[in-house]
Amino acid sequence: MAGLFFNACPNYRAVVVLALSIFMLLSGSPSPATADSAQYDVVSLGAKADGKTDSSKAFLSAWASACGSTSAATMYVPQGRFLVRSASFDGPCKNSAITVRIDGTLVAPSDYNVNGDSGYWIVLRHVTGVSVIGGTLDGQGTGLWACKLSGKSCPSGATSLEISNSQNILVSELSSLNSQMFHMVINGCQNVKMQGVMVSASGTSPNTDGIHISASTGVTILNSKIGTGDDCVSIGPGSNNLWIENVACGPGHGISIGSLGKDQQEDGVQNVTVKTVTFTGTQNGVRIKSWARPSNGFARNILFQHAIMNNVQNPIIIDQNYCPDSGCSTKDSGVRVSDVTYQDIHGTSATEVAVKFDCSSKYPCTGITMQDVKLTYGDQVATASCANAGGTASGTEQPSSCL
Ligand SMILES: *[C@@H]1O[C@H](CO)[C@@H](O)[C@H](O)[C@H]1NC(C)=O
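Residues numbered from 1 in each chain as written. Predicted model: local features only at pLDDT ≥ 70, side-chain atom pairs only at ≥ 80, totals over all residues. Heavy atoms only, no water.

A closer look at the site of the ligand
Part 1: Within the structure, the ligand sits among Asn241, Leu242, Trp243 and Asn271.
Part 2: At 2.3 Å, a side-chain N or O of Asn271 approaches an oxygen atom of the ligand.
Part 3: Against a free-state accessible area of 360 Å², the protein chains account for coverage of 39% of the ligand.
Part 4: Considering every element that reaches the shell around the ligand, the biggest residue donor is strand S20 (residues 240-249), with 3 residues. (Near = heavy atom within 4 Å. Polar contact = N/O pair within 3.5 Å; in protein donor to acceptor, adjacent residues only side chain to side chain. Areas by Shrake-Rupley, 256 points an atom, 1.4 Å probe, with all protein chains shown as cover. Helix = DSSP H or I, 4+ residues; strand = E, 2+ residues; numbered from the N terminus.)

Brief notes about the nonpolar core
Part 1: With 86 residues, the main nonpolar core has Phe59, Trp63, Ile257, Phe304, Ile316, Tyr342 and Phe357 as its most contacted residues.
Part 2: Split by domain, the residues of this core number at least three in each of domain 1 (31-205) and domain 2 (231-403).
Part 3: Those residues in contact with Tyr342 that lie beyond four places of it in its chain are Val286, Ile288, Phe304, Ile316, Ile318, Phe357, Ile368, Thr369, Met370, Gln371 and Val373. (Core = buried A, V, L, I, M, F, W, Y, C linked by side-chain atoms within 4.5 Å. Buried < 20%, exposed > 50% of the residue type's maximum accessible area, 1.4 Å probe, protein only. Domains from an automatic or database assignment. Contact = heavy atoms within 4.5 Å.)

Overview of the state of the cysteines
Part 1: Taken as a whole and assessed by the stated rule, the structure comprises 6 disulfides.
Part 2: Residue Cys323 pairs covalently with Cys328 via a disulfide, S to S 2.1 Å. Disulfide Cys323 to Cys328: torsion about the S-S bond roughly 95°, handedness right-handed.
Part 3: By relative accessible area, which is 34% here, Cys323 ends up partly exposed.
Part 4: With cysteine numbering restricted to those in disulfides and following the sequence, the protein has the pairing 1-2, 3-4, 5-6, 7-8, 9-10, 11-12. (Disulfide = S-S within 2.5 Å.)

What follows is the structure, given as structure tokens:
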């Protein structure tokens, strides 16, 4: 057979080489989205990379095409600065393989009254299977921060990127600068992966949380660097199965579960892993906080593992009397905190009390496990303070455990 084939086709070498190249092209192509799918370039649709022409329409039109495509599609943002107003990229879409590839920077209007109280700047809603790769979001928040810090009445501001009611989302290598308010919010989502994200805003900027997660399941944050004026990552009610690994935080308020227990009827938080994180100069390291009000909320099965604290004010803290301003209720918090493990946490505290468990007297914290915790406070002795907290400590205990 082989001889027959070769004889019948003297040019078999060329045939084999051609077949091989086609095979390699198909199987080895870097991303099916770029090789096979339609690509919608915002510049071909009228966007101007000059940082001042409103390019919102071109962005929305690229999205509409990608979302309306019946097969995988790419929305492409080339290099340059593109002014985009508050815009929502909504689904449901006709395919579940949309790539938003960004080489350039999206710039928010510098006049904060433009996005004003709309709540968000860029929002993805009701989508499945969207990957946002690369790029920078420049929220131009400094004007609004100054307004808020001056005590004048100002708009509440916009979250730079909100992803809501969506599934199977990847955000990779995206930078977010100077958001007016929260940098990124994940709300009501399943299966979201964020990796190589960079968030940067001044340590004095108000309400500029890095990544806020609420009512979501299966959120992973990997290999990211977050410096802001508020929480690095904050985790609200209804969040389950979260994995946060290899994140550097600072400046800011650290990684926080909460605030919980604001409402009487509230979903809990469970199964959260925070591992290999570094906090530098932050207000808190790993924190769980709840309001002191009646609530059916809870936080359970939480693991904080391999954390390094560099000059952190409250490296380890559970605060169930959270009261950011005066005049809060001081009723016992209804939030049940249980099964929280701190494993291999070390470094330096900027205050004497390096470990603080201030739990609800009505529902004491249970199942707190401390294993190999070593926190120092200059050349003085760091201390631990417990109220209504139960559990066990083993391995290195510095400060000595108060459980
Ligand atoms: C906890 O969350 C992780 C993801 O972070 C998941 O793989 C695991 O299955 C979850 N465990 C339970 C018991 O749901």
